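Below, each chain spelled out in residue letters.
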Amino acid sequence: MGLFDFMIVEIAMDLGTANTLIIHAGKIVVDSPSIVARDIRNGKIIAVGKEASLMQGKTHENIKTIRPLKDGVIADFDASEKMISWFISNIPEIKKNLFKPALRMVVCIPSGITEVEMRAVKESCERVNGKEVFLIHEPMAAAIGMGLDVMQPKGNIIVDIGGGTTEIAVVALGGIICDKSIKIAGDVFTGDILYYMRTHHNLYIGEATAEQIKIEVGAAIEELEDAPDDMMVRGRDLLTGKPKEVQITSREIARALDKSILRIEDAIMVTLSVTPPELAADIYNTGLYLAGGGAMLRGLDKRISQKTDLPVYIAEDPLRAVVRGTGIVLKNIDKYKSVLVK
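Within each chain, residues carry numbers counting from 1 in the order of the written sequence. pLDDT decides what is reported in this predicted model: residues at 70 or higher carry local features, side-chain atom pairs at 80 or more are listed and counted, and totals for whole chains, interfaces and linings draw on all residues regardless. The basis for the side-chain values is all heavy atoms of the structure; hydrogens and waters are excluded.

**A closer look at the UniProt feature "binding site: ATP" (unreviewed entry) in the chain**
Argument step 1. UniProt records the feature "binding site: ATP" (unreviewed entry) at Thr17, Ala18, Asn19, Gly163, Gly164, Thr165, Glu211, Gln212, Ile213 and Lys214, using the numbering of this structure.
Argument step 2. Note that Glu211 resides in helix H7 (residues 207–217).
Argument step 3. As for its placement among the helices and strands, Lys214 is situated in helix H7.
Argument step 4. Contacts between residues were defined by any pair of non-hydrogen atoms, one from each residue, lying within 4.5 Å. When near neighbours in sequence (up to four residues on either side) are disregarded, Lys214 contacts Gly186, Phe189, Thr190, Ile193, Leu297 and Arg298.
Argument step 5. For Lys214, the side chain forms a polar contact with the main-chain oxygen of Gly186, separated by 2.9 Å. UniProt positions are given in the numbering used here, feature names are shortened, and annotations may be inferred rather than shown by experiment. Per the convention used, a helix needs a DSSP run of H or I reaching at least four residues, while a strand needs a run of E reaching at least two, with both numbered from the N terminus. Pairs of N or O atoms within 3.5 Å make up the polar contacts considered here, provided that, within protein, one atom can donate a hydrogen while the other can accept it, and that residues adjacent in sequence are counted only when both atoms are side-chain atoms.

**Some words on the sheet that holds strand S9 (residues 102–109)**
Argument step 1. Only strands that DSSP links by at least two bridges are regarded as paired with each other. Pairing within the open sheet is mixed, and its six strands lie in the order S3-S2-S1-S9-S10-S19. What marks the edges here is a single partner per strand, and that holds for strand S3 (27–33) and strand S19 (340–341).
Argument step 2. Bridge analysis of strand S1 (residues 8–15) against S9 gives seven bridges, and the strand direction is parallel. In the sheet register, Ala12 faces S9, and the bridge partner there is Val106.
Argument step 3. Simply put, an axis is a line fit to the C-alpha atoms, just over the touching stretch for a helix, and the angle between two N-to-C directions goes from 0 to 180 degrees. Running at roughly 85° to strand S10 (residues 130–137), helix H5 (residues 138–145) makes contact with S1, S9 and S10 of the sheet.

**Notes on the nonpolar core**
Argument step 1. Nonpolar core, defined: a set of buried Ala, Val, Leu, Ile, Met, Phe, Trp, Tyr and Cys residues in which side-chain atoms within 4.5 Å join the residues together. Buried, partly exposed and exposed residues are distinguished by accessible area as a fraction of the type maximum, computed with a 1.4 Å probe on protein chains only: under 20%, between the cut-offs, and over 50%, respectively. By size, the foremost hydrophobic cluster in this structure holds 42 residues, and its most contacted members are Met197, Ile213, Val233, Leu288 and Leu290.
Argument step 2. In contact with Met197, not counting residues within four places along its chain, are Asn202, Leu203, Ile205, Ile213, Val233, Val246 and Ile248.
Argument step 3. Listed in part, the 32 residues of the second largest apolar core include Val36, Val73, Phe87 and Ile109.

**Points about helix H6 (residues 186–201)**
Argument step 1. Expected helix span is given by 1.5 Å per residue-to-residue step, counting one fewer step than there are residues. The end-to-end C-alpha distance of H6 is 22 Å, a good match for the 22 Å that 16 residues give at a rise of 1.5 Å each.
Argument step 2. Among all positions of H6, only Gly186, Phe189, Thr190, Asp192, Ile193, Leu194, Tyr196, Met197 and His201 are buried.
Argument step 3. Buried-residue contacts for H6 involve strand S11 (156–161), strand S14 (203–204), H7, strand S15 (231–237), strand S16 (243–248) and helix H8 (250–273).
Argument step 4. Downstream of H6 by a residue or two, Asn202 has a phi angle that is positive, lying close to 50°.

**Some thoughts on the pattern of salt bridges**
Argument step 1. Any Lys or Arg side-chain nitrogen found within 4 Å of a carboxyl oxygen on Asp or Glu counts as a salt bridge. One pass over the structure, following the stated rule, counts 20 salt bridges.
Argument step 2. A salt bridge links Arg41 to Asp39, with the nearest nitrogen and oxygen atoms 3.2 Å apart.
Argument step 3. Residues joined by salt bridges that share partners form a network here, namely Arg38, Asp76, Asp78 and Lys82.

**Here's the deal with the sheet that holds S11**
Strand pairing in a sheet relies on backbone hydrogen bonds, with the paired strands running either antiparallel or parallel.
Argument step 1. Strands sit in the order S13-S12-S11-S17-S18 across an open sheet of five strands; the sheet is mixed. Only two strands of the sheet have a single neighbouring strand rather than two, namely strand S13 (175–182) and strand S18 (312–314). Shown here is a sheet whose adjacent strand axes are inclined to one another by a mean of 20°, direction ignored.
Argument step 2. Summarising the sheet, strand S17 (residues 288–291) and S18 pair through three bridges and their orientation is parallel. From the neighbouring strand, Leu290 faces S18, where its bridge partner is Ile314.
Argument step 3. Across the sheet, H5 is in contact with S11, strand S12 (166–172), S13 and S17; its angle to S12 comes to roughly 65°.

**Some points on the packing of aromatic side chains**
Argument step 1. Any Phe, Tyr or Trp ring, taking Trp's six-membered ring, that has another such ring centre within 6.5 Å forms a pair; planes under 30 degrees apart are called stacked, those over 60 apart edge-to-face, and the others tilted. Within the structure shown, the criterion is met by two aromatic pairs.
Argument step 2. Ring centres 6.0 Å apart and planes at 70° place the aromatic pair Trp86 and Phe87 in the edge-to-face group.
Argument step 3. Pairing Tyr289 with Tyr313 gives two aromatic rings, centres 5.4 Å apart and planes at 35°, and the pair type is tilted. Of the two residues, Tyr289 sits in strand S17 while Tyr313 sits in strand S18, which places them 24 residues apart along the sequence.
Argument step 4. Overall, the relative accessible area of 16% leaves Tyr289 in the buried class.

**Structural notes on unusual backbone geometry**
Argument step 1. For Asn129, which is not a glycine, the phi torsion comes out positive at approximately 85°.
Argument step 2. If you check the backbone angles, Asp309 has positive phi at about 60° while not being a glycine.
Argument step 3. Relative to the assigned elements, Asp309 resides in the loop between helix H10 (300–308) and S18.
Argument step 4. By relative accessible area, Asp309 is classed as exposed at 64%.

**Points about the side chain of Asp160**
Argument step 1. Locating Asp160 in the fold gives a position in strand S11.
Argument step 2. Buried and unpaired, Asp160 has Lys214 as its nearest opposite-charge partner, separated by 12 Å.
Argument step 3. Non-local contacts of Asp160, meaning those with residues more than four positions away in its chain, are made with Glu138, Thr165, Thr166, Glu167, Ala291, Gly292 and Val322. Charge convention: Lys and Arg are scored as positive, Asp and Glu as negative, and His as well as the terminal groups of each chain are ignored.

**Brief notes about the packing of H6 against H8**
Argument step 1. Two elements in contact, H6 and H8, have axes separated by 9 Å at closest approach and are oriented at 140°. By the angle between their axes, H6 is oblique relative to H8. Relative to H8, the crossing made by H6 is right-handed. Where H6 abuts H8, its residues Val188, Phe189, Asp192, Ile193, Tyr196 and His201 lie against Glu252, Ile253, Arg255, Ala256, Leu257, Ser260, Ile261 and Ile264.
Argument step 2. Polar here means any residue other than Ala, Val, Leu, Ile, Met, Phe, Trp, Tyr, Cys and Pro, which are nonpolar, and Asp, Glu, Lys and Arg, which are charged; Gly is therefore polar. Residues that form the contact of H6 with H8 fall into these classes: nine nonpolar, two polar and three charged. Geometric relationships in this document are graded by angle, where less than 35 degrees denotes roughly parallel, more than 145 denotes roughly antiparallel, 65 to 115 denotes roughly perpendicular, and other angles denote oblique. A crossing counts as left-handed when the near helix is turned anticlockwise from the far one by less than a right angle, and as right-handed when that turn is clockwise.

As structure tokens, then:
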């Protein structure tokens, strides 16, 4: 090792279904949608990240946009590898190197992941020159990223609502005591909105538009204290085939998302019901922590609080809590040895 130590570059990566974030030298250097555009004729990747996400739903038959991750796990091995390697080679530090440096990586994975899926993540990282690849469970990374002291003998419950999965975990003593991972998260919310617009407004919209609706007027409860302004949504009228525009309120989106949010609530209740009593006592005091993009849904904290009778706190930067935690683990890898997945 000795001689080549200076050539090892350390990075922390949150490889998400919707967004991939990378921290290097304590800074977030990559924050991009996890999407690639491929030219079908020769299999070449023509765009990655933001560039590719602009193409979504607007491609001709020779270009296909692919989201390499589905439900938090790698669905398209080749595309995911190309995407990771593209992101890594675009980090300024690495770009200016003539040769590819060896990487020491900490990558987070969903807690409900299988052995095979875990290996896929590891192999993808090894193929982009990851010499040491450490894995950490997402809810654990989120807890650390929110500034909770996970090494204490004190229970905390984390709910991380990402793009592909919602991770619920009770953590204490640097480990996960009980966890539940369900495949209802941001992507399902987007699908709910698509379906609602089709059935209630006869309006056919694309995924990118549904995503935008979710961000601009998304809500978890109908009665919001400061409701966002109504949004004008454009798409194709299913009856006439003409482009049309309708006005959408946050109330409607709350109704559209209701069933999916119910299932997240149920999963939280199940997790609480299997929590050991001493930890349940801690949680009564500490409350519940929300992270991930789904945490930004208006009124969700209030709704979960009403369901669980616990105080609910939202991470200050929910989209980046997981990658921040991963970055902290990378910096103090000896302290957090027990947190890493074997």
